[in-house]
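Chain by chain, the residues:
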Amino acid sequence: VYEWLYKGAESFSEMTNLSKDLREKLDELCHISVLKILEKQISVDGTIKYLWELEDGETVESVLMDYKHGYPICISTQVGCNMGCKFCASTVGGKIRNLTSGEIADQIIFASRDSGRTISNVVLMGIGEPLDNYENVTKFIKNINHYAGLNIGARHISLSTCGLVDKIKQLASEGLPLTLSVSLHATNNEVRNSLMPVNRKYNIEELLGACRYYIEKTNRRVTFEYALINEVNDFPKHAENLLKLVKGMLCHVNLIPVNNVNTNNFERSTKERIQKFRDVLEQGGITTTVRRQLGSDIDASCGQLRRKHQDNKK
Ligand code: SAH
């Protein structure tokens, strides 16, 4: 049954190597959740974006990428989000509900079945705050690891959080060798407070303390995500501060030129400012990458497709 479910079976009658009696019994007792494709967009660069309809009519999105070395997928963990980050489209309208561990896995199963691609890596960076749905997300990670299912190990999973400090500490003890990505986006509490309300609960010092704890417990390299917003958090002095904050930590910085979403007027940093920011970090000995933009022709970022769908419904 497990194998069939992870192959994307939508009913027990498809499970033809089970006896008819058993299939009928299962049909009586259980229900298989399925995702419907509401919209599918294919970018010129091979990126595929899915807008799924869940069984209660809510929607979430996933982005299946096309890299030289495999097919990573970015999936959602909640319908909407309560974190309120000012630059993010997913949080407009708040959180409707958590996804179940099955619904999180379904995004991989159905994207894989529809595209014919075998998914190599999973990033929990779609709609929602994964650590605000802790139980279902950790259950999901353990489930997809099974050899009879998707067989995707924690090493091939990145989990991104806006910084729920107590949950980061809890995650450190799960024994899951995943990659923790932390959305930092600012180097002082004043700027971070203005961008990310979560910083009023857990400030930068507490957050970095939790990251140090995570590294010490797991010996895994942490990624810091830093969305570059023109003339807000992208001054050379910010890069120098960032350097001081993460000095000595087993980490990597991923710079994300911010995507403009309709609800705000944040502009992405210019190429020159991005390069300067990166140079300061690299000269300070921090490995730094700048996120490549994939699928920009198809709204493939940060809850934009669901948002558009919601707006059209109004
Ligand atoms: N809630 C989690 C994961 C979802 S968002 C988190 O906050 O980490 C995944 C990443 O995209 C986060 O780093 C988030 O801050 C970033 N992001 C959100 N909106 C963005 C935008 N408009 N432009 C660039 N990055 C954005």
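The structure we're discussing is the one just above.
On a predicted model such as this, the values are computed, not experimentally measured, just so you know.

A. Inspection of the pairing of strand β7 (residues 121-124) at higher detail. Here strand β4 (residues 72-74) pairs with β7 via 3 bridges, running parallel. The residue of β7 that forms the bridge with Ile73 is Val122. In terms of strand pairing, β7 meets strand β8 (residues 157-161) through 3 bridges, oriented parallel. Each residue of the ladder has a partner; that of Val123, found in β8, is Ser158. In this region the chain leaves β7, passes through helix α4 (residues 134-144) and returns to the parallel neighbour β8; the handedness of that crossover is right-handed.

B. How the structure looks around the site of the ligand. Close contacts around the ligand come from 17 residues, with Phe87, Ser160, Ser183, His185 and Asn259 the closest. Measuring from an oxygen atom of the ligand, one finds a backbone N or O atom of Thr161 at 3.4 Å. Within the side chain of Glu225, one N or O atom sits 3.0 Å away from an oxygen atom of the ligand. Starting from 530 Å² of accessible surface for the ligand in isolation, the protein chains cover 95%.

C. Region of interest: the side chain of Asp234. Mapped onto the elements, Asp234 comes out in the loop between β10 (222-228) and α8 (236-246). Look at Asp234 and you get buried, because its relative accessible area is 2%. A distance of 2.8 Å separates a polar atom in the side chain of Asp234 from the backbone nitrogen of Glu231. A polar contact of 2.8 Å, which involves the side chain of Asp234, links it to the side chain of Arg273. Dropping the residues within four chain positions of it, Asp234 is found in contact with Leu228, Ile229, Ser269, Arg273 and Phe277.

About the cut-offs
Residues numbered from 1 in each chain as written. Predicted model: local features only at pLDDT ≥ 70, side-chain atom pairs only at ≥ 80, totals over all residues. Heavy atoms only, no water. Pairing = 2+ DSSP bridges. Helix = DSSP H or I, 4+ residues; strand = E, 2+ residues; numbered from the N terminus. Right-handed = clockwise from strand over helix to strand, strands pointing away. Near = heavy atom within 4 Å. Polar contact = N/O pair within 3.5 Å; in protein donor to acceptor, adjacent residues only side chain to side chain. Areas by Shrake-Rupley, 256 points an atom, 1.4 Å probe, with all protein chains shown as cover. Buried < 20%, exposed > 50% of the residue type's maximum accessible area, 1.4 Å probe, protein only. Contact = heavy atoms within 4.5 Å.

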